[in-house]
Amino acid sequence: MSDYFHYRGNQLYAEQVSLTDIAARFGTPCYVYSRAALTESFRQFTQALQGHEHLICYAVKANSSLAVLNVFARLGAGFDIVSGGELQRVLAAGGDARKVVFSGVGKSAAEMHLALDAGILCFNVESAAELECLNDVAGNMSKVAPLSLRVNPDVDAKTHPYISTGLKQSKFGVAYGEAVALYRRARDLPHLRIVGVDCHIGSQLTEVGPFIAAAEKILALVDTLASEGIRLEHIDLGGGLGIRYREETPPAIADYVAALLRALRGRGEKLILEPGRALVGNAGVLLTLVEYLKYGEEKNFAIIDAAMNDLMRPTLYDAYHEILPVRREPSPQSSPASGRGGEREMQSLIYEIVGPVCETGDFLGHARNLAIAPQSLLAVLSAGAYGMSMSSNYNTRPRAAEVMVDGDAVYPVRERETVAQLYAGEKLLP
Ligand SMILES: *Cc1c(COP(=O)(O)O)cnc(C)c1O
């Protein structure tokens, strides 16, 4: 749990605001973000990078809510986008197009057009075919597209296979052995300008080793290119730094950055990083209400009002999120012994924490020991990354509200969706 979500007495707070108050004002399920936590993680990156020219391009897909993007834009962040839609979000949130890098294996010509029009910093090109397409689109617009090749360093990120992206068999990036030839091709195409190289080997990495192994391969490539007269302005080492959900011990941001800077020692190229999860993951919680408790022979269930459509990570990756009661039971020593007007102490029991969606895979936690009753509030921690941005409307469930806490203030930053909005674009047959 980040310092910005903490108990005061037996009440869970986000900064200086009680989560019980937030639930009363904004309802549940509700994503709650801490502006201070967002700011602090960004500051840790910039501090560690001091002394080396750099740009932190926040990976928008981790959490693309406008208010979150706006917090980073105000801090001077750049952005790593993977679609034209994300570019439009960045611009709507006050982000600077000149600090945007555009990743992704399937950029359409229309998306390239949009990004060239906006004047982004760099296209992170992921295939030979994309290179030709980008040259054509730029030519049609009488522009020159700045590009980097996303090179696959063939390094095992040692993370969940779904979020491992730097192995040979991955769909991402161009093969290491083909990179030089593709750079030569890019140099010869008239509407392209080579500005950098990039890689991104996976997500939720908990060791520095694979990052360094990837960096070293990329640096060797940079030297080979230089020997051919292809000089780069920046080296983009991607994102992927993990966070602590449970017992993981990822390197601290400062240590991770220091290790990268050691690998880059003596080099003048600007360093770009694309952190997503490490900036936002522990800056948000999902606030949810217990609807029913259901006792079975084998398992007990706490049925809550949030579900896999709100937070997909447990269902998709079998990911663990800590789940805490918003009002915890007083510890036995501190509670006045028995007999306050018949008020019964809640029994703590082992529950499966499940949502209302009609899927057996709809769970947010297994075998959690909690003292709860119907109408108790729970906070699902570490929900700031790949939570709201991966949410869906499955089961015609309107998406959750979002609020941002800033000190003792709470700002609603996204209204709870309505069912009418969900089918607003649908039509009956004539
Ligand atoms: C998803 C992604 C990131 C961010 O990954 P995190 O693990 O959230 O830091 C960075 N770069 C690219 C190209 C990505 O696809």
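Everything quoted here is computed from the prediction, not taken from an experiment.

## With respect to the confidence of the model for the protein
And step 1. When pLDDT is averaged along the protein, the result is 95, and 96% of the positions lie at 70 or above.
And step 2. Confidence scores differ between elements of the protein, with strand 10 (residues 174-175) showing the lowest mean pLDDT of 95 and helix 3 (residues 66-74) the highest of 99.
And step 3. Segment residues 337-343: pLDDT under 50, and zero contacts once partners within four positions in sequence are set aside and those in other chains are kept.

## What to know about the site of the ligand
And step 1. The immediate surroundings of the ligand are formed by 14 residues, with Lys61, Ser203, Glu274, Arg277 and Tyr386 found nearest.
And step 2. In this structure, histidine 200 approaches the ligand through a side-chain N or O atom, which is 3.5 Å from a nitrogen atom.
And step 3. Tyrosine 386 is positioned such that a nitrogen or oxygen atom in its side chain is 2.6 Å from an oxygen atom of the ligand.
And step 4. For the shell around the ligand, the class distribution of residues is three nonpolar, six polar and five charged.

## Examining the pattern of salt bridges
And step 1. Using the criterion set out here, one finds 13 salt bridges in the structure.
And step 2. A salt bridge links aspartate 310 to arginine 397, with the shortest nitrogen-to-oxygen separation between them at 2.9 Å. Of this pair, aspartate 310 sits in the loop between strand 15 (300-304) and helix 11 (313-317) while arginine 397 sits in the loop between strand 19 (377-380) and strand 20 (401-406), and the two are 87 residues apart along the sequence.
And step 3. Of the charged contacts, one joins glutamate 417 and arginine 399 as a salt bridge, the two residues approaching to 3.0 Å between their closest N and O atoms. Pair noted here: glutamate 417 is in the loop between strand 21 (409-414) and helix 12 (419-422) and arginine 399 is in the loop between strand 19 and strand 20, with a separation of 18 residues, a long-range link.
And step 4. Classification of glutamate 417 by relative accessible area gives buried; the value is 18%.
And step 5. A residue is classified by how much of its surface remains accessible, and arginine 399, at 22% relative accessible area, is partly exposed.

## A word on the pairing of strand 2 (residues 11-14)
And step 1. Relative to strand 2, strand 1 (residues 5-8) is paired through four bridges, and the arrangement is antiparallel. Paired with arginine 8 across the strands is glutamine 11, a residue of strand 2.
And step 2. Counting the residues in the hairpin turn of strand 1 and strand 2 gives two residues, including glycine 9, whose phi is positive at 60°.
And step 3. Connecting strand 2 to the next strand, strand 3 (residues 17-18), in antiparallel fashion are two residues, including glutamate 15 with a positive phi near 45°.

## Remarks on the domain arrangement of the protein
And step 1. Partitioning the protein into structural domains gives domain 1 (5-33 + 281-422) and domain 2 (104-273).
And step 2. In this structure, domain 1 and domain 2 have C-alpha centres spaced 38 Å apart.
And step 3. Listed as interface residues are 10 residues of domain 1 and, on the opposing side, eight residues of domain 2.
And step 4. Interface of domain 1 and domain 2: buried area, both sides summed, is about 810 Å²; carbon and sulfur atoms make up 59% of it.
And step 5. If you look at where domain 1 meets domain 2, you find zero salt bridges.
And step 6. At the boundary of domain 1 with domain 2, the tally comes to one residue pair in polar contact (both at pLDDT 80 or more).
And step 7. The residue makeup of the side of domain 1 that touches domain 2, split by class, is four nonpolar, four polar and two charged.

## A few points about the packing of aromatic side chains
And step 1. Taken as a whole and judged by the stated rule, the model has seven aromatic pairs.
And step 2. Ring centres 5.9 Å apart and planes at 40° place the aromatic pair phenylalanine 42 and phenylalanine 72 in the tilted group. Remark: phenylalanine 72 occurs in helix 3 and phenylalanine 42 occurs in helix 2 (residues 35-49); sequence separation between them is 30 residues. Pair check on accessibility: phenylalanine 42 and phenylalanine 72 agree, each one buried.
And step 3. Ring centres of tyrosine 58 and phenylalanine 72 lie 4.7 Å apart, and the angle between their planes is 40°; on these two criteria the pair is classed as tilted.

## Details of the packing of helix 2 against helix 3
And step 1. Contact pair helix 2 / helix 3: the axes reach a minimum separation of 10 Å and the direction vectors enclose 45°. Accordingly, the angle class assigned to the pair helix 2 and helix 3 is oblique. As for the relative orientation of helix 2 and helix 3, their crossing is right-handed in sense. The segment helix 2 lies against helix 3, with Arg35, Leu38, Thr39 and Phe42 engaging Val68, Val71, Phe72 and Arg74.
And step 2. Across the contact of helix 2 with helix 3, the residue classes tally to five nonpolar, one polar and two charged.

## Describing the side chain of aspartate 310
And step 1. Residue classification places aspartate 310 among the buried residues on the basis of a relative accessible area of 1%.
And step 2. A polar contact of 2.9 Å, which involves the side chain of aspartate 310, links it to the side chain of arginine 397.
And step 3. In this view, aspartate 310 contacts Pro29, Tyr31, Leu286, Asp305, Gly387, Met388, Ser391, Arg397 and Ala400; residues no more than four positions away in its chain are not counted.

## Some details on the pairing of strand 17 (residues 348-354)
And step 1. Bridge count between strand 15 and strand 17: four bridges; the pairing is parallel. The residue of strand 17 that forms the bridge with phenylalanine 301 is glutamate 352.
And step 2. Inspection of the sheet shows strand 17 paired to strand 18 (residues 363-371) by six bridges, in the antiparallel sense. The partner of serine 348 across the bridge, within strand 18, is alanine 371.

Basis of the calculations
- Residues numbered from 1 in each chain as written.
- Predicted model: local features only at pLDDT ≥ 70, side-chain atom pairs only at ≥ 80, totals over all residues.
- Heavy atoms only, no water.
- pLDDT = per-residue confidence, 0-100.
- Helix = DSSP H or I, 4+ residues; strand = E, 2+ residues; numbered from the N terminus.
- Contact = heavy atoms within 4.5 Å.
- Near = heavy atom within 4 Å.
- Polar contact = N/O pair within 3.5 Å; in protein donor to acceptor, adjacent residues only side chain to side chain.
- Nonpolar A, V, L, I, M, F, W, Y, C, P; charged D, E, K, R; others polar.
- Salt bridge = Lys/Arg side-chain N within 4 Å of Asp/Glu carboxyl O.
- Buried < 20%, exposed > 50% of the residue type's maximum accessible area, 1.4 Å probe, protein only.
- Pairing = 2+ DSSP bridges.
- Domains from an automatic or database assignment.
- Buried area = accessible area lost by both parts, 1.4 Å probe.
- Phe/Tyr/Trp six-rings, centres within 6.5 Å; stacked < 30°, edge-to-face > 60°.
- Axes fitted to C-alpha atoms, helices over the stretch in contact; angles between N-to-C directions.
- Parallel < 35°, antiparallel > 145°, perpendicular 65-115°, else oblique.
- Left-handed = near helix turned anticlockwise from the far one by under 90°.

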